Amino acid sequence: MKKTLFLLALLALPGIALSGEGIEVLTDGGFESDVPIGLGLPLYAGYWSGDISQKVGTTDGIVPLEGSQMLKFIHAAPYIATDEDHTWAQVHQIVDLGPYKSIISAGGTSVRASAHFNRVQLDAQTDTRFVLSISAYEGDPTEYHNEYPGQPKPTYLGGTMRNIWTDSDPDTWELVTAEINLPVNTDFVVIDINAVENVFSDPGDQQEFDGHFADGISLLFVPEPATMILFGIGFALQLMRRRR
């Protein structure tokens, strides 16, 4: 009964982004906000951070999938790596699932991620690979960035990774999807979008990506089927509100 009341209260909130498939729990999936991309691992939930990248408008002939901005991968490190060889440009977001803890602890929940990627084809050395990954953790999201011995660190519970080798057509945004079942002790998840130097690894102090982009990122929290029926009712109610 408490679970049902909690869900009904949740569904009544105007800020909850429901779809017919679940609740959108990602922040700024279209890169439209004024918040810049951070450097290094994110310190807390709700913003993008990682290797050097930036939000841009139409660039190199590539138009954002949605809205007026998209993410451009620039370097495969959060700094100009003059003496190191990095090959992955990684951008992360922590998603705090604390508000759904009681639903997750009952079992049967999952998260479903999707991302769109695009790139230019400058020459034969243009890299083609992108990666989407999701990971689940138990613990405090603000401790995710801790890297030194002795610092508290959340417990990794599992995850998945999906690759795509993209075509050379700048007019096509290519979709990648990934899904994981959430362990009952999950506190938060991390979604990663990555461009990979799979063809030629340029020196870290030079341009590492010819023109590689991401847009239209989504992460849906998907309850177990019985709970999903309530979400479906809530989704229908939201549609009815909009039509009034």
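All values reported here derive from a predicted model rather than from experimental measurement. (Residues numbered from 1 in each chain as written. Predicted model: local features only at pLDDT ≥ 70, side-chain atom pairs only at ≥ 80, totals over all residues. Heavy atoms only, no water.)

## Here's the deal with the overall build of the protein
Point 1. A count of helical and extended segments in the protein gives three helices and 13 strands.
Point 2. Residue burial in the protein is summarised as follows: out of 244 residues, 49% are buried.
Point 3. Restricting the contact set of the protein to residue pairs at least 6 apart, pairs at least 24 apart contribute 77%. (Helix = DSSP H or I, 4+ residues; strand = E, 2+ residues; numbered from the N terminus. Buried < 20%, exposed > 50% of the residue type's maximum accessible area, 1.4 Å probe, protein only. Contact = heavy atoms within 4.5 Å.)

## Quick look at the environment of Arg112
Point 1. Note that Arg112 resides in strand S8 (residues 110-119).
Point 2. Note: C-alpha distance between Arg112 and Ser218 (106 residues apart in sequence) is 8.0 Å.
Point 3. Reaching out from Arg112, the side chain makes a polar contact with the side chain of Glu179 at a distance of 3.3 Å. (Polar contact = N/O pair within 3.5 Å; in protein donor to acceptor, adjacent residues only side chain to side chain.)

## Considerations on the packing of aromatic side chains
Point 1. Counting across every chain of the model gives nine aromatic pairs.
Point 2. With a centroid separation of 4.8 Å and an interplanar angle of 25°, the aromatic rings of Tyr100 and Phe221 are classed as stacked. Highlighted residues: Tyr100 in the loop between strand S7 (88-96) and helix H2 (101-105) and Phe221 in strand S13 (residues 212-222), separated in sequence by 121 residues. Like Phe221, Tyr100 is buried.
Point 3. Cluster of aromatic residues (ring-pair linked, three or more members): Tyr137, Tyr144, Tyr156 and Phe188.
Point 4. The lysine or arginine in question, Lys153, covers the ring of Tyr144, its NZ or CZ lying 5.4 Å from the ring centre. (Phe/Tyr/Trp six-rings, centres within 6.5 Å; stacked < 30°, edge-to-face > 60°. Lys NZ or Arg CZ within 6 Å of the ring centre and 35° of its normal.)

## Notes on the nonpolar core
Point 1. Phe73 and Ile193 are the most contacted members of the largest nonpolar core, which has 38 residues in total.
Point 2. Mapped by element, the contributors of at least two residues to this core are strand S6 (70-73), S7, H2, S8, strand S9 (129-138), strand S11 (174-181), strand S12 (188-196) and S13.
Point 3. Ranked by size, the runner-up nonpolar core spans six residues in total, among them Met70, Val120, Trp173 and Phe213. (Core = buried A, V, L, I, M, F, W, Y, C linked by side-chain atoms within 4.5 Å.)

## Overview of unusual backbone geometry
Point 1. Look at Asp28: it is not a glycine, yet its phi comes out positive at around 60°.
Point 2. In this fold, Asp28 is placed in the loop between strand S2 (23-24) and strand S3 (38-39).
Point 3. For Asp28, a relative accessible area of 18% puts it in the buried group.

## Side note on the pairing of S7
Point 1. Bridge analysis of strand S4 (residues 49-50) against S7 gives two bridges, and the strand direction is antiparallel. Across the sheet, the residue bridging to Gly50 is Val91, located in S7.
Point 2. Where S7 lies against S12, nine bridges are found, and the strand directions are antiparallel. Directly across from Val91, in S12, lies its bridge partner Ile193. (Pairing = 2+ DSSP bridges.)

## Digging into the pattern of salt bridges
Point 1. This model, assessed by the stated rule, comprises four salt bridges.
Point 2. A salt bridge links Lys55 to Asp28, with the nearest nitrogen and oxygen atoms 2.5 Å apart. In this pair, Lys55 is assigned in strand S5 (residues 53-56) and Asp28 in the loop between S2 and S3, connecting sequence segments 27 residues apart. Grouping residues by exposure puts Lys55 and Asp28 together as buried.
Point 3. Between Lys101 and Asp187 there is a salt bridge, with its nearest N and O atoms 3.0 Å apart. (Salt bridge = Lys/Arg side-chain N within 4 Å of Asp/Glu carboxyl O.)

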